[in-house]
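# Close look at the chain arrangement
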Amino acid sequence: MSVAVWSGSLVAWERELAALKGRIAPVFRRAESRQSAGAFLDGLLSGVERKTGWLLAEQAGLDRPYRMQSLLGRSHWDAQALRDRVRADVIEALGADDGVLVVDETGFLKKGEHSVGVARQYSGTAGRIDNCQIGVFLAYASRFGQALIDRRLYLPEAWANNEARRTKAGVPQEATFATKPQIACELIASALDAGAPCAWVLADALYGSDSRLRRMLERRGQPYVLAVRSNHLLRFWHEEGLEETDPETMADALESEAWATHAAGEGSKGLRLYEWARIPLSSREDRSFERWLLIRRSRREPNKRAYYFVFAPAGLSLGELAGAAGLRWTIEECFERAKDDLGLDHCEARSWHGWHRHMSLCMAALAFLARLAADLRRATWGKANERSPAAAAA
(Lines give C-alpha, C1' and ligand atoms only; values in the text may rest on other atoms or scores of the structure.)
Protein backbone atom coordinates (compact mmCIF):
# COMPACT_ATOMS: atom_id res chain seq x y z
CA MET A 1 0.00 0.00 0.00
CA SER A 2 1.38 3.40 -0.95
CA VAL A 3 1.63 6.34 1.45
CA ALA A 4 -0.78 8.28 -0.78
CA VAL A 5 -3.50 5.70 -0.14
CA TRP A 6 -3.47 5.59 3.66
CA SER A 7 -2.58 9.28 4.11
CA GLY A 8 -5.67 10.38 2.18
CA SER A 9 -3.91 12.52 -0.44
CA LEU A 10 -5.77 10.69 -3.21
CA VAL A 11 -9.25 11.34 -1.77
CA ALA A 12 -11.57 12.71 -4.47
CA TRP A 13 -12.51 15.78 -2.41
CA GLU A 14 -14.37 17.76 -5.08
CA ARG A 15 -16.34 14.75 -6.31
CA GLU A 16 -17.43 13.85 -2.78
CA LEU A 17 -18.37 17.46 -2.01
CA ALA A 18 -20.50 17.59 -5.15
CA ALA A 19 -22.19 14.38 -4.01
CA LEU A 20 -22.97 15.95 -0.61
CA LYS A 21 -24.50 18.99 -2.28
CA GLY A 22 -26.62 16.66 -4.38
CA ARG A 23 -27.87 14.79 -1.30
CA ILE A 24 -28.98 17.96 0.49
CA ALA A 25 -30.28 19.76 -2.63
CA PRO A 26 -33.95 18.73 -2.10
CA VAL A 27 -33.99 20.78 1.12
CA PHE A 28 -33.62 23.96 -0.91
CA ARG A 29 -36.57 24.40 -3.25
CA ARG A 30 -35.24 27.36 -5.24
CA ALA A 31 -32.17 27.10 -7.44
CA GLU A 32 -30.74 30.29 -5.95
CA SER A 33 -30.99 28.88 -2.43
CA ARG A 34 -29.30 25.65 -3.55
CA GLN A 35 -26.46 27.64 -5.10
CA SER A 36 -26.11 29.81 -1.98
CA ALA A 37 -26.05 26.74 0.26
CA GLY A 38 -23.35 25.19 -1.92
CA ALA A 39 -21.29 28.38 -1.77
CA PHE A 40 -21.84 28.58 1.99
CA LEU A 41 -20.51 25.02 2.41
CA ASP A 42 -17.54 25.85 0.18
CA GLY A 43 -16.79 28.79 2.45
CA LEU A 44 -17.10 26.77 5.65
CA LEU A 45 -14.64 24.22 4.27
CA SER A 46 -12.25 26.88 2.99
CA GLY A 47 -9.33 28.46 4.78
CA VAL A 48 -11.25 31.67 5.49
CA GLU A 49 -10.48 32.50 9.10
CA ARG A 50 -13.86 33.99 10.01
CA LYS A 51 -16.96 32.46 8.44
CA THR A 52 -18.91 35.73 8.32
CA GLY A 53 -21.37 36.74 5.63
CA TRP A 54 -18.95 39.21 4.07
CA LEU A 55 -15.98 36.84 4.02
CA LEU A 56 -18.02 33.89 2.76
CA ALA A 57 -19.42 36.09 0.00
CA GLU A 58 -15.93 37.23 -0.93
CA GLN A 59 -14.79 33.59 -1.00
CA ALA A 60 -17.68 32.85 -3.39
CA GLY A 61 -16.74 35.76 -5.67
CA LEU A 62 -19.76 37.87 -4.71
CA ASP A 63 -19.69 41.65 -4.32
CA ARG A 64 -22.03 41.76 -1.34
CA PRO A 65 -23.10 39.35 1.44
CA TYR A 66 -26.83 39.50 0.62
CA ARG A 67 -27.10 35.91 -0.62
CA MET A 68 -25.24 34.45 2.36
CA GLN A 69 -27.27 36.49 4.82
CA SER A 70 -30.50 35.63 3.02
CA LEU A 71 -29.69 31.93 3.24
CA LEU A 72 -29.77 32.19 7.03
CA GLY A 73 -32.61 34.67 7.17
CA ARG A 74 -35.18 35.46 4.50
CA SER A 75 -35.00 32.42 2.21
CA HIS A 76 -37.51 29.59 2.61
CA TRP A 77 -36.09 26.23 3.66
CA ASP A 78 -36.41 23.92 6.64
CA ALA A 79 -33.40 23.53 8.92
CA GLN A 80 -34.98 20.41 10.43
CA ALA A 81 -35.12 18.80 7.00
CA LEU A 82 -31.41 19.52 6.57
CA ARG A 83 -30.77 18.07 10.04
CA ASP A 84 -32.60 14.91 8.97
CA ARG A 85 -30.44 14.52 5.88
CA VAL A 86 -27.21 15.21 7.79
CA ARG A 87 -28.17 12.64 10.40
CA ALA A 88 -28.99 10.05 7.76
CA ASP A 89 -25.69 10.78 6.03
CA VAL A 90 -23.74 10.29 9.26
CA ILE A 91 -25.56 7.07 10.11
CA GLU A 92 -24.83 5.73 6.62
CA ALA A 93 -21.14 6.68 6.83
CA LEU A 94 -20.39 5.89 10.47
CA GLY A 95 -23.20 3.61 11.60
CA ALA A 96 -22.18 0.49 13.52
CA ASP A 97 -23.86 -1.72 16.10
CA ASP A 98 -21.23 -0.68 18.65
CA GLY A 99 -21.63 3.04 17.91
CA VAL A 100 -22.56 5.54 20.62
CA LEU A 101 -24.67 8.68 21.00
CA VAL A 102 -23.05 11.47 23.02
CA VAL A 103 -24.91 14.56 24.25
CA ASP A 104 -23.34 17.77 25.55
CA GLU A 105 -23.76 21.52 25.42
CA THR A 106 -21.39 24.19 24.18
CA GLY A 107 -21.37 27.97 24.56
CA PHE A 108 -21.22 30.80 22.04
CA LEU A 109 -19.95 34.06 23.52
CA LYS A 110 -21.83 37.21 22.47
CA LYS A 111 -21.29 40.93 23.05
CA GLY A 112 -24.85 42.18 22.59
CA GLU A 113 -28.23 41.18 23.98
CA HIS A 114 -30.33 40.83 20.83
CA SER A 115 -29.24 37.39 19.56
CA VAL A 116 -31.86 34.79 20.40
CA GLY A 117 -31.28 33.02 23.70
CA VAL A 118 -28.36 35.19 24.75
CA ALA A 119 -28.07 35.75 28.51
CA ARG A 120 -25.55 35.78 31.32
CA GLN A 121 -25.24 32.07 31.99
CA TYR A 122 -22.56 29.51 32.69
CA SER A 123 -20.57 28.44 29.67
CA GLY A 124 -18.29 25.44 29.92
CA THR A 125 -16.51 26.80 26.84
CA ALA A 126 -15.53 29.95 28.72
CA GLY A 127 -15.34 28.22 32.11
CA ARG A 128 -17.37 31.01 33.73
CA ILE A 129 -20.68 32.87 33.72
CA ASP A 130 -20.69 35.10 30.67
CA ASN A 131 -22.92 36.68 28.06
CA CYS A 132 -23.56 33.80 25.69
CA GLN A 133 -25.87 31.41 23.91
CA ILE A 134 -25.92 27.72 24.85
CA GLY A 135 -26.61 24.98 22.33
CA VAL A 136 -27.32 21.36 23.22
CA PHE A 137 -25.82 18.99 20.65
CA LEU A 138 -25.92 15.29 19.90
CA ALA A 139 -23.01 13.44 18.30
CA TYR A 140 -22.73 9.98 16.81
CA ALA A 141 -19.42 8.13 17.14
CA SER A 142 -18.11 4.74 16.10
CA ARG A 143 -14.80 3.15 15.16
CA PHE A 144 -15.18 4.95 11.81
CA GLY A 145 -15.25 8.47 13.30
CA GLN A 146 -17.62 10.99 14.86
CA ALA A 147 -19.89 13.85 13.79
CA LEU A 148 -22.68 16.05 15.15
CA ILE A 149 -26.18 14.92 14.17
CA ASP A 150 -28.54 17.25 16.05
CA ARG A 151 -28.69 20.60 17.82
CA ARG A 152 -31.13 22.75 19.78
CA LEU A 153 -30.67 26.24 21.15
CA TYR A 154 -31.29 26.44 24.90
CA LEU A 155 -33.84 29.17 25.56
CA PRO A 156 -33.50 30.62 29.10
CA GLU A 157 -36.75 31.28 30.99
CA ALA A 158 -36.26 35.05 30.66
CA TRP A 159 -36.42 34.57 26.90
CA ALA A 160 -39.08 31.86 26.86
CA ASN A 161 -41.50 34.03 28.89
CA ASN A 162 -40.87 37.33 27.06
CA GLU A 163 -43.32 37.52 24.17
CA ALA A 164 -41.79 40.68 22.67
CA ARG A 165 -38.30 39.19 22.51
CA ARG A 166 -39.66 35.90 21.16
CA THR A 167 -41.52 37.67 18.37
CA LYS A 168 -38.55 39.81 17.39
CA ALA A 169 -36.24 36.74 17.25
CA GLY A 170 -38.79 34.57 15.43
CA VAL A 171 -39.05 31.97 18.17
CA PRO A 172 -41.85 29.54 17.17
CA GLN A 173 -44.77 29.02 19.55
CA GLU A 174 -43.88 25.36 20.08
CA ALA A 175 -40.44 26.33 21.42
CA THR A 176 -41.24 26.64 25.13
CA PHE A 177 -38.83 26.60 28.04
CA ALA A 178 -37.07 23.26 28.43
CA THR A 179 -34.13 22.31 30.61
CA LYS A 180 -31.00 21.04 28.93
CA PRO A 181 -31.70 17.43 30.03
CA GLN A 182 -35.23 17.74 28.57
CA ILE A 183 -33.74 18.91 25.29
CA ALA A 184 -31.26 16.02 25.43
CA CYS A 185 -34.16 13.56 25.89
CA GLU A 186 -35.81 14.82 22.72
CA LEU A 187 -32.60 14.78 20.65
CA ILE A 188 -31.69 11.25 21.75
CA ALA A 189 -35.20 9.88 21.24
CA SER A 190 -35.36 11.45 17.78
CA ALA A 191 -32.04 9.85 16.77
CA LEU A 192 -33.08 6.43 18.08
CA ASP A 193 -36.43 6.71 16.30
CA ALA A 194 -34.52 7.55 13.10
CA GLY A 195 -32.68 4.24 13.36
CA ALA A 196 -29.27 5.29 14.68
CA PRO A 197 -27.57 2.02 15.76
CA CYS A 198 -26.50 2.67 19.34
CA ALA A 199 -24.77 0.48 21.90
CA TRP A 200 -24.51 3.25 24.52
CA VAL A 201 -25.74 6.75 25.31
CA LEU A 202 -23.08 8.89 26.99
CA ALA A 203 -23.28 12.27 28.76
CA ASP A 204 -21.78 14.31 31.56
CA ALA A 205 -23.20 14.82 35.07
CA LEU A 206 -25.68 17.56 34.09
CA TYR A 207 -27.57 14.90 32.14
CA GLY A 208 -26.68 11.84 34.21
CA SER A 209 -28.22 13.44 37.29
CA ASP A 210 -31.59 13.77 35.57
CA SER A 211 -33.81 10.82 36.50
CA ARG A 212 -36.28 11.50 33.66
CA LEU A 213 -33.54 11.05 31.08
CA ARG A 214 -32.40 7.81 32.70
CA ARG A 215 -35.97 6.47 32.91
CA MET A 216 -36.62 7.32 29.25
CA LEU A 217 -33.57 5.33 28.18
CA GLU A 218 -34.41 2.40 30.44
CA ARG A 219 -37.97 2.22 29.11
CA ARG A 220 -36.47 1.88 25.64
CA GLY A 221 -33.99 -0.76 26.79
CA GLN A 222 -31.18 1.60 25.77
CA PRO A 223 -27.88 1.07 27.63
CA TYR A 224 -26.16 4.17 28.98
CA VAL A 225 -23.08 5.37 30.86
CA LEU A 226 -23.92 8.78 32.32
CA ALA A 227 -21.61 10.75 34.56
CA VAL A 228 -22.98 11.78 37.95
CA ARG A 229 -21.81 14.12 40.69
CA SER A 230 -19.93 12.76 43.69
CA ASN A 231 -22.61 14.04 46.11
CA HIS A 232 -25.64 12.77 44.18
CA LEU A 233 -28.15 11.51 46.76
CA LEU A 234 -28.81 7.76 46.60
CA ARG A 235 -31.47 5.95 48.64
CA PHE A 236 -31.59 2.22 49.33
CA TRP A 237 -34.19 0.26 51.27
CA HIS A 238 -32.86 -2.51 53.51
CA GLU A 239 -34.46 -4.66 56.16
CA GLU A 240 -33.08 -2.19 58.68
CA GLY A 241 -34.76 0.73 56.94
CA LEU A 242 -33.79 3.55 54.55
CA GLU A 243 -30.13 4.20 53.82
CA GLU A 244 -29.02 7.51 52.26
CA THR A 245 -25.58 7.75 50.72
CA ASP A 246 -23.72 9.14 47.70
CA PRO A 247 -21.20 7.90 45.11
CA GLU A 248 -18.19 9.32 46.95
CA THR A 249 -19.11 7.56 50.21
CA MET A 250 -19.71 4.29 48.40
CA ALA A 251 -16.36 4.52 46.61
CA ASP A 252 -14.55 5.27 49.88
CA ALA A 253 -15.71 1.93 51.27
CA LEU A 254 -14.24 -0.16 48.43
CA GLU A 255 -11.40 -2.55 49.15
CA SER A 256 -8.17 -2.26 47.16
CA GLU A 257 -8.86 -5.49 45.26
CA ALA A 258 -12.09 -4.00 43.85
CA TRP A 259 -10.05 -1.84 41.46
CA ALA A 260 -8.72 -2.87 38.05
CA THR A 261 -6.76 -0.96 35.43
CA HIS A 262 -8.38 -0.32 32.05
CA ALA A 263 -7.83 2.16 29.24
CA ALA A 264 -10.34 4.94 28.68
CA GLY A 265 -9.57 5.60 25.05
CA GLU A 266 -6.47 7.06 23.47
CA GLY A 267 -5.07 10.49 24.27
CA SER A 268 -2.28 12.58 22.76
CA LYS A 269 0.27 10.52 24.73
CA GLY A 270 -1.22 7.10 24.01
CA LEU A 271 -3.72 5.03 25.97
CA ARG A 272 -5.27 6.85 28.92
CA LEU A 273 -5.02 4.35 31.77
CA TYR A 274 -7.20 4.61 34.89
CA GLU A 275 -8.27 2.38 37.72
CA TRP A 276 -11.94 1.34 37.64
CA ALA A 277 -14.41 -0.28 40.01
CA ARG A 278 -18.15 -0.88 40.02
CA ILE A 279 -20.86 -1.36 42.62
CA PRO A 280 -24.24 -2.96 41.85
CA LEU A 281 -27.27 -0.72 42.34
CA SER A 282 -30.95 -1.62 42.67
CA SER A 283 -31.99 -4.60 40.57
CA ARG A 284 -34.76 -4.72 37.96
CA GLU A 285 -37.53 -7.22 37.36
CA ASP A 286 -36.03 -7.56 33.89
CA ARG A 287 -32.92 -9.62 34.63
CA SER A 288 -31.49 -8.98 31.16
CA PHE A 289 -30.21 -5.57 32.35
CA GLU A 290 -28.14 -4.44 35.31
CA ARG A 291 -27.56 -1.09 37.03
CA TRP A 292 -24.11 -0.13 38.29
CA LEU A 293 -22.27 2.73 39.91
CA LEU A 294 -19.03 2.92 37.92
CA ILE A 295 -16.04 4.69 39.45
CA ARG A 296 -12.88 5.86 37.69
CA ARG A 297 -9.83 7.12 39.56
CA SER A 298 -6.42 8.45 38.64
CA ARG A 299 -3.55 6.03 39.08
CA ARG A 300 -1.29 8.82 40.32
CA GLU A 301 -3.86 10.67 42.42
CA PRO A 302 -6.40 8.11 43.68
CA ASN A 303 -8.57 10.80 45.26
CA LYS A 304 -9.30 12.24 41.82
CA ARG A 305 -12.37 10.26 40.84
CA ALA A 306 -15.26 10.35 38.39
CA TYR A 307 -18.59 8.60 38.85
CA TYR A 308 -21.13 7.15 36.41
CA PHE A 309 -24.58 5.62 36.48
CA VAL A 310 -24.63 2.59 34.19
CA PHE A 311 -27.55 0.70 32.68
CA ALA A 312 -26.10 -2.27 30.84
CA PRO A 313 -26.95 -5.68 29.42
CA ALA A 314 -26.38 -8.35 32.03
CA GLY A 315 -23.00 -10.01 32.10
CA LEU A 316 -20.83 -7.26 30.63
CA SER A 317 -17.30 -6.97 31.98
CA LEU A 318 -15.87 -3.99 33.84
CA GLY A 319 -13.61 -3.35 30.86
CA GLU A 320 -16.64 -2.97 28.57
CA LEU A 321 -18.14 -0.33 30.85
CA ALA A 322 -14.83 1.51 31.14
CA GLY A 323 -14.41 1.49 27.37
CA ALA A 324 -17.86 3.00 26.86
CA ALA A 325 -17.27 5.71 29.49
CA GLY A 326 -14.05 6.67 27.76
CA LEU A 327 -15.83 7.59 24.51
CA ARG A 328 -17.52 10.73 25.81
CA TRP A 329 -14.56 12.79 24.53
CA THR A 330 -15.71 12.23 20.95
CA ILE A 331 -18.23 15.08 21.11
CA GLU A 332 -15.52 17.42 22.40
CA GLU A 333 -13.49 16.58 19.31
CA CYS A 334 -16.53 17.43 17.19
CA PHE A 335 -16.87 20.82 18.89
CA GLU A 336 -13.18 21.56 18.50
CA ARG A 337 -13.14 20.69 14.79
CA ALA A 338 -16.40 22.50 14.06
CA LYS A 339 -15.35 25.67 15.88
CA ASP A 340 -11.70 25.80 14.86
CA ASP A 341 -12.17 24.91 11.20
CA LEU A 342 -15.84 25.23 10.19
CA GLY A 343 -17.17 28.37 11.88
CA LEU A 344 -19.65 26.76 14.26
CA ASP A 345 -19.18 29.74 16.61
CA HIS A 346 -19.17 32.39 13.87
CA CYS A 347 -22.95 32.66 13.56
CA GLU A 348 -24.07 36.24 12.86
CA ALA A 349 -27.79 35.44 12.62
CA ARG A 350 -29.84 36.74 15.54
CA SER A 351 -33.04 34.79 14.91
CA TRP A 352 -34.12 31.34 16.06
CA HIS A 353 -34.25 29.85 12.59
CA GLY A 354 -31.04 31.65 11.58
CA TRP A 355 -29.14 30.01 14.46
CA HIS A 356 -30.46 26.55 13.61
CA ARG A 357 -29.75 27.05 9.90
CA HIS A 358 -26.15 28.06 10.57
CA MET A 359 -25.59 25.12 12.92
CA SER A 360 -27.16 22.68 10.45
CA LEU A 361 -24.93 23.85 7.60
CA CYS A 362 -21.86 23.54 9.84
CA MET A 363 -23.02 20.03 10.80
CA ALA A 364 -23.29 19.19 7.09
CA ALA A 365 -19.69 20.32 6.56
CA LEU A 366 -18.51 18.28 9.55
CA ALA A 367 -20.45 15.24 8.33
CA PHE A 368 -18.74 15.58 4.94
CA LEU A 369 -15.29 15.48 6.57
CA ALA A 370 -16.36 12.55 8.75
CA ARG A 371 -17.52 10.61 5.69
CA LEU A 372 -14.19 11.18 3.92
CA ALA A 373 -12.29 9.98 6.98
CA ALA A 374 -14.55 6.92 7.37
CA ASP A 375 -14.15 5.95 3.72
CA LEU A 376 -10.39 6.28 4.08
CA ARG A 377 -10.38 4.06 7.17
CA ARG A 378 -12.44 1.41 5.43
CA ALA A 379 -10.20 1.48 2.37
CA THR A 380 -7.08 1.20 4.52
CA TRP A 381 -8.42 -1.52 6.82
CA GLY A 382 -9.65 -3.49 3.84
CA LYS A 383 -6.14 -3.86 2.38
CA ALA A 384 -3.89 -6.62 3.67
CA ASN A 385 -0.64 -5.62 5.29
CA GLU A 386 1.97 -6.85 2.82
CA ARG A 387 4.54 -7.15 5.61
CA SER A 388 2.34 -9.18 7.93
CA PRO A 389 3.15 -12.87 8.57
CA ALA A 390 -0.22 -13.86 7.10
CA ALA A 391 0.47 -11.99 3.88
CA ALA A 392 3.98 -13.44 3.67
CA ALA A 393 2.70 -16.99 4.17
CA ALA A 394 0.13 -16.51 1.43
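Quantities reported herein were computed from a predicted structural model and do not represent experimental measurements.

This part is about the overall build of the protein. Broken down by element type, the protein carries 16 helices and 12 strands. Relative to the globule expectation of 21 Å for 394 residues, the C-alpha radius of gyration of the protein, 23 Å, shows essentially globular dimensions. Seen through its principal axes, the protein has C-alpha atoms that stretch 75 × 70 × 40 Å. Evaluated residue by residue, the protein yields a buried proportion of 50% over its 394 residues. Contacts in the protein between residues at least 24 apart in sequence constitute 63% of all its contacts with a sequence separation of at least 6. As displayed, the protein offers around 19,900 Å² of accessible surface, 48% of which is attributable to carbon and sulfur atoms. Charge centroids of the protein, computed over 54 positive and 51 negative side chains, lie 5 Å from each other.

Attention now goes to the nonpolar core. Counting 128 residues, the largest nonpolar core has Leu101, Ile188 and Trp200 as its most contacted members. When residues of this core are assigned to their parent elements, the largest contribution, 15 residues, is made by helix H15 (residues 352-381). Excluding residues within four positions of it along the chain, Leu101 makes contact with Leu138, Ala139, Tyr140, Ile149, Ile188, Ala191, Leu192, Cys198, Trp200, Val201 and Leu202.

Quick look at the confidence of the model for the protein now. On average, the protein scores 91 in pLDDT, and the residues at 70 or more come to 93%. Here residues 384-394 scores under 50 on pLDDT; set against residues more than four positions off or in separate chains, the count is three contacts.

Here Gly145 is to be found in strand E4 (residues 145-153). Taking relative accessible area as the criterion, Gly145 reaches 6% and is therefore assigned buried. Between the C-alpha atoms of Gly145 and Tyr207, which are 62 residues apart in sequence, the distance is 23 Å. The residues contacting Gly145, other than those within four sequence positions of it, are Leu94, Tyr140 and Arg377.

This paragraph deals with helix H3 (residues 31-44). Under the 1.5 Å per step criterion, the end-to-end length of H3 is 20 Å for 14 residues, consistent within 8% with the ideal 20 Å. Buried within H3 we find Ser33, Ser36, Ala37, Gly38, Ala39, Phe40, Leu41, Gly43 and Leu44. Looking at the buried residues of H3, the elements they touch are helix H2 (13-24), helix H4 (53-59), helix H5 (66-72), helix H14 (329-342) and H15.

Next up on the list: the packing of aromatic side chains. Within a pair of aromatic rings, the relevant descriptors are the distance that separates the centres and the angle that separates the planes. Within this structure, the stated rule accounts for 11 aromatic pairs. A ring pair is formed by Phe28 and Trp77, whose centres lie 4.8 Å apart and whose planes are at 55°; its orientation type is tilted. Taken together, the positions of Phe28 in the loop between H2 and H3 and Trp77 in the loop between H5 and helix H6 (79-94) put the pair 49 residues apart, joining distant regions of the chain. Taken as a pair, Phe28 and Trp77 share a single burial class, namely buried. Relative to Trp355, the ring of Phe108 lies with its centre 6.0 Å away and its plane at 85°, an arrangement referred to as edge-to-face. Of the two residues, Phe108 sits in strand E1 (residues 100-109) while Trp355 sits in helix H15, which places them 247 residues apart along the sequence. Summarising the burial analysis for this pair, Phe108 and Trp355 share the class buried. The rings of Phe108, Phe137, Phe335 and Trp355 are connected pair by pair, giving a single aromatic cluster.

The topology assignment puts Glu218 in helix H11 (residues 211-219). Overall, Glu218 belongs to the buried group, its relative accessible area being 12%. A distance of 2.7 Å separates the side chain of Glu218 from the side chain of Arg291, its partner in a polar contact.

Conventions adopted
- Residues numbered from 1 in each chain as written.
- Predicted model: local features only at pLDDT ≥ 70, side-chain atom pairs only at ≥ 80, totals over all residues.
- Heavy atoms only, no water.
- Helix = DSSP H or I, 4+ residues; strand = E, 2+ residues; numbered from the N terminus.
- Rg over C-alpha atoms; globule rule 2.2 N^0.38 Å.
- Buried < 20%, exposed > 50% of the residue type's maximum accessible area, 1.4 Å probe, protein only.
- Contact = heavy atoms within 4.5 Å.
- Areas by Shrake-Rupley, 256 points an atom, 1.4 Å probe, with all protein chains shown as cover.
- Lys, Arg positive; Asp, Glu negative; His and termini not counted.
- Charge placed at Lys NZ, Arg CZ, Asp CG, Glu CD.
- Core = buried A, V, L, I, M, F, W, Y, C linked by side-chain atoms within 4.5 Å.
- pLDDT = per-residue confidence, 0-100.
- Expected span 1.5 Å × (residues − 1).
- Phe/Tyr/Trp six-rings, centres within 6.5 Å; stacked < 30°, edge-to-face > 60°.
- Polar contact = N/O pair within 3.5 Å; in protein donor to acceptor, adjacent residues only side chain to side chain.

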